[in-house]
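# A structural walkthrough
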Amino acid sequence: RVDEVGQQMAAFPQVTHCYERQTSARWPRFNIFTMIHAKTVAENRKTLASISDETGIEEYEVLSTVREFKKERVRYLV
């Protein structure tokens with residue numbers, strides 16, 4: 001169901017990244033990764049609940065941002 005669920009998750013406007021990942025016995029044990037942007041923890045939980053309801057997926061892990069690093073453009077040397 002990766003393609004089906006991925007499409008459902010990616011359709012949420014709060015989701016900016018959604019892709020399949022390789023799993024392992026240690027971590028990560030889930031094969032779909034999404035990045036959700038929210039202004040509050042409550043808003044994030046609401047989005048997670050909506051995604052869970054839409055996809056039927058009830059087991060997931062939340063990795064919260066602890067520290068944001070300065071974003072810089074990638075510079076390629078040619």
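Let me begin by describing the structure that accompanies this report. (Residues numbered from 1 in each chain as written. Predicted model: local features only at pLDDT ≥ 70, side-chain atom pairs only at ≥ 80, totals over all residues. Heavy atoms only, no water.)

## Side note on unusual backbone geometry
- Of note, the bond from Trp27 into Pro28 is cis; its omega dihedral lies within 30 degrees of zero at -5°.
- Relative to the helices and strands, Pro28 resides in the loop between β1 (15–20) and β2 (32–36). (Helix = DSSP H or I, 4+ residues; strand = E, 2+ residues; numbered from the N terminus.)

## Some points on the packing of aromatic side chains
- This model, assessed by the stated rule, comprises 1 aromatic pair.
- When the ring of Tyr19 is compared with that of Phe33, the centres are 5.0 Å apart and the planes differ by 45°; the resulting orientation is tilted. One end of the pair, Tyr19, is in strand β1; the other, Phe33, is in strand β2, with 14 residues separating them in the sequence.
- With a relative accessible area of 21%, Phe33 lands in the partly exposed category. (Phe/Tyr/Trp six-rings, centres within 6.5 Å; stacked < 30°, edge-to-face > 60°. Buried < 20%, exposed > 50% of the residue type's maximum accessible area, 1.4 Å probe, protein only.)

## What to know about the pattern of salt bridges
- Counted under the stated rule, the structure contains 4 salt bridges.
- Among the ionic pairs, Lys71 bridges to Glu68, the shortest N-O distance being 2.3 Å.
- According to the relative accessible area criterion, Glu68 is exposed, its value standing at 60%.
- Look at the salt bridges and you will find they share partners, linking Arg29, Glu59 and Glu61 into a network. (Salt bridge = Lys/Arg side-chain N within 4 Å of Asp/Glu carboxyl O.)

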